[in-house]
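The lines below spell out each chain.
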Amino acid sequence: MKHWRKLSTASETRGGAICPPSNGETGRFALIGCELARRMLLIIHRQLAYPRVFPVRCAAGTHGRNTNNPFMNMTKKTRWGFWSLVLAVSLIATLPVQAQESVTAVTEAVAVTTDEGTVTEAVTVAVEEAPAGEPSLEDRVADIEAYFNNVDRPSGDASKIKVPGPGHNAWQMISTALVLFMTLPGLALFYGGLVRSKNVLSILAMCMGVAGLVTILWWAVGYSLTFSGGNAFIGDTAQRFFTGMAPGNVGAGYYWISDYMWAMFQLSFAIITPALIFGATAERMKFSAVLLFTAIWMFVVYFPLAHMVWAVNGFMCGPLNADAGIKAIDFAGGTVVHMSSGWSALVLCIILGPRLGFGKVPMPPHSMVLVTIGTGMLFVGWFGFNAGSALGSDALSSNAFATTVLAALTAGFVWGMLEWVLRGKPSVLGFCSGIVSGLVTITPGAGFVTPTSAVIMGVLGGIVPFLAVVYLKKALGYDDALDTFGIHAVGGTLGAILTGVFADPAVNGVLASMNLMDGLVMNQLKAVALTID
C-alpha cells in the first residue's frame with residue numbers, strides 16, 4: 001500500500017487538471033489509473049518519436065519487421081488489445097469522483113527541464129484546508145521552525161506538537177546528569193582530596209547525605225516554594241509532591257523541555273548549593289548537624305532566593321518579570337548558588353570557630369590526584385550548569401559553553417602565574433583553584449557576555465579570589481578549610497557585578513526586549529547586597 005499511496009500522491013500533484021482530488025479508496029484507484037495511463041501514453045510517445053530507444057539487431061526470421069520498435073512489431077490482434085487497455089484505463093481515470101470539501105485547487109506554474117529544453121506548464125495542485133479549530137499547514141510548519149529556533153509555538157494550544165522537543169529535551173537530560181555529576185562524584189572527590197586522609201569518608205558521606213535530603217525536600221515542597229505562584233519573595237505549595245506535573249507537559253521551565261526535566265534540572269542546582277557550604281566547615285562538623293543545618297537553610301535561604309531570582313514573578317528576576325523590584329540578571333546561579341553558599345559558609349565557619357591546631361599544625365591536602373580529578377569532573381559538569389541553563393540546544397547554549405571554557409582556563413592560568421610570581425613556582429592546587437574560580441565568576445554571565453568579555457572576567461576571576469584566599473583569609477583569621485568563601489562568595493560576587501558591566505544585547509535578546517540595560521550595573525549591585533543580607 002505504501003507504493004500505491006505514493007502513486008496517488010504523484011497523480012494529485014502532477015496531473016491536477018486531468019485527475020481531480022479524491023476521497024476514499026475509490027478515488028485512490030482512479031488516481032492510480034490516471035497515473036498508469038499517463039505513463040503509458042508517455043512511453044508510446046517516446047517510442048513513436050524515438051524508435052531507437054530499444055535498439056535490437058535484425059536477424060533471420062524477423063520477416064522484415066522493424067525490430068527497433070517493439071510496438072511496431074506487435075501483431076494486429078495484440079495492438080488492438082493494447083489500445084483497448086489504454087482506452088479503458090483513461091476512461092476510469094476521468095470518472096467523476098467526489099472531492100473533499102476541505103480541499104481546494106491551486107494552480108501554479110511549473111517548469112520542467114528535458115533534453116529538448118525547458119517547458120513551463122500550469123499545474124493544478126490539491127491543497128487540503130485545515131478543519132475548524134485545527135492548525136493549518138502553514139501553522140504546523142511554523143511550529144517546526146519554532147522548535148529549531150527554540151521559541152514558542154505560533155499555533156499555541158492548537159499545536160500538533162505539544163510535547164517536549166526531542167533535541168532540546170535530550171540536552172536538558174544530559175545537562176541535568178552533568179550537574180549531578182558535579183556533586184557525585186566531582187565535589188566529593190575535590191573536597192575529599194583537600195582534607196586530611198582521616199576525614200575523606202566524612203566528606204563523601206556529607207555529599208551523599210545532602211543529596212538525598214535535598215531531593216526529598218525538593219519533591220515534597222521545595223520545587224513548589226521555588227517556582228509555583230506565591231508572591232515576589234516565595235512561592236506557594238500548589239505543586240507540592242509534583243502535583244499537576246506530567247512528563248509530557250511543557251512550559252514550566254521552557255517551551256520545548258519536559259516539566260519533569262525542568263524540575264530535575266533545578267533539583268541538581270539545589271543539591272550542590274548546600275554541599276558547597278560544608279567545604280568551609282570540613283573536619284569539624286557532625287553529620288547530624290550537617291543534615292539539620294541543610295534542612296533549615298534550604299527553607300530560610302535557598303527556596304526564597306531561587307524564587308526571587310528565577311521565578312516568573314520573582315523580585316529580582318529581570319528577564320521574566322517586568323514588574324521586578326530589582327531588574328537583575330543571573331544566567332546560571334552566581335547569586336543563587338555561589339554567593340548564597342559562599343557567604344553562608346563564612347558565617348558558619350566563624351560561628352563554629354577554627355579547627356583544633358589551626359595555624360599551629362600543618363593541614364595540607366592529602367591527595368592532589370583526587371583534587372585534580374575532582375576539578376576535571378567539576379569542569380565537565382559545569383557545561384551542564386552553564387550551557388544547560390539556556391534550556392535548549394541552541395545558539396545561546398553555544399555561547400554559554402564557549403564563555404565557560406574561556407573564563408575557566410584563563411583564570412586557572414592567571415592563578416598559577418600569580419603563584420609563580422609571588423611564591424616562586426606554580427602549584428597544581430593553584431591551577432585547580434583558579435579553574436574553579438573562573439567557573440564561578442562566569443556563571444552569572446555565561447549567557448549574557450561575549451567570549452572576549454569572558455576572557456576579561458577570567459583574568460579578574462583569577463586575580464581577585466586569589467587575593468582573598470591567600471591574603472584576606474590570613475588577615476581576618478577565619479578558618480575557611482577548603483576556601484569556599486574565597487572562591488565561591490568572592491568569585492560569585494565579582495561575577496554578578498561584572499555581568500552587569502559586560503552584558504551584551506547581541507548575545508541575549510532579552511536584555512533589549514525587557515529593557516534591562518538601563519541601570520543594569522546598579523541593579524546588579526542591589527541584587528548582590530540583598531543576597532548578602
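Residues numbered from 1 in each chain as written. Predicted model: local features only at pLDDT ≥ 70, side-chain atom pairs only at ≥ 80, totals over all residues. Heavy atoms only, no water.

Novice: Before we move on, could you go through the overall build of the protein and cite the residues and values that matter?
Specialist: Across its full length, the protein carries 16 helices and two strands. Expressed as a percentage of its 533 residues, the buried residues of the protein come to 48%. Nonlocal contacts in the protein, meaning residues at least 24 apart in sequence, comprise 68% of its contacts between residues at least 6 apart. Of the roughly 25600 Å² that the protein leaves accessible, carbon and sulfur atoms contribute 66%. (Helix = DSSP H or I, 4+ residues; strand = E, 2+ residues; numbered from the N terminus. Buried < 20%, exposed > 50% of the residue type's maximum accessible area, 1.4 Å probe, protein only. Contact = heavy atoms within 4.5 Å. Areas by Shrake-Rupley, 256 points an atom, 1.4 Å probe, with all protein chains shown as cover.)

Novice: Explain the confidence of the model for the protein to me, and be specific about the residues and the numbers.
Specialist: Across the protein, the average pLDDT comes to 85, with 75% of residues at or above 70. Taken together, the stretch residues 52-66 has pLDDT below 50 and engages in 15 contacts with residues farther than four places along the chain or on a different chain. Contacts of residues 97-102 to residues separated by more than four positions or lying in other chains number 15 contacts, the stretch itself having pLDDT below 50. (pLDDT = per-residue confidence, 0-100.)

Novice: Any details on the packing of helix α12 (residues 428-442) against helix α13 (residues 451-476)? Residues and values, ideally.
Specialist: The interhelical angle for the contact between α12 and α13, taken along N-to-C directions, is 125°, at an axis separation of 8 Å. Considered as vectors, α12 and α13 are oriented oblique to each other. Considering only the axes of α12 and α13, their crossing is right-handed. In contact with Ser437, Thr441 and Ile442 of α12, α13 contributes Ala454, Met457, Gly461 and Pro465. (Axes fitted to C-alpha atoms, helices over the stretch in contact; angles between N-to-C directions. Parallel < 35°, antiparallel > 145°, perpendicular 65-115°, else oblique. Left-handed = near helix turned anticlockwise from the far one by under 90°.)

Novice: Break down the nonpolar core for me, with residues and values.
Specialist: Tyr191, Trp218, Tyr302 and Phe385 are the most contacted members of the largest nonpolar core, which has 105 residues in total. The greatest single-element share of this core, amounting to 13 residues, is contributed by helix α6 (residues 200-227). If sequence neighbours within four positions are ignored, tryptophan 218 has contacts with Tyr223, Thr226, Phe227, Phe242, Ala263, Gln266, Leu267, Ala270, Tyr302 and Phe303. (Core = buried A, V, L, I, M, F, W, Y, C linked by side-chain atoms within 4.5 Å.)

Novice: With reference to specific residues and values, describe the pattern of salt bridges.
Specialist: Tallying each qualifying case throughout the model produces six salt bridges. Here glutamate 134 and lysine 160 are joined by a salt bridge, their closest N and O atoms 2.7 Å apart. With glutamate 134 in the loop between β2 (117-128) and α4 (137-149) and lysine 160 in the loop between α4 and α5 (166-194), this pair connects stretches of sequence that are 26 residues apart. Look at glutamate 134 and you get partly exposed, because its relative accessible area is 36%. A salt bridge links glutamate 283 to arginine 355; the shortest N-O distance between them is 2.7 Å. (Salt bridge = Lys/Arg side-chain N within 4 Å of Asp/Glu carboxyl O.)

Novice: For the side chain of threonine 531, give the residues involved together with the corresponding values.
Specialist: With respect to the element layout, threonine 531 can be found in helix α16 (residues 520-532). Of note is the side chain of threonine 531, whose polar atom sits 2.8 Å from the backbone oxygen of alanine 527. Apart from residues no more than four positions distant in its own chain, threonine 531 is found in contact with Leu305, Met316, Thr335, Met339 and Ser340. (Polar contact = N/O pair within 3.5 Å; in protein donor to acceptor, adjacent residues only side chain to side chain.)

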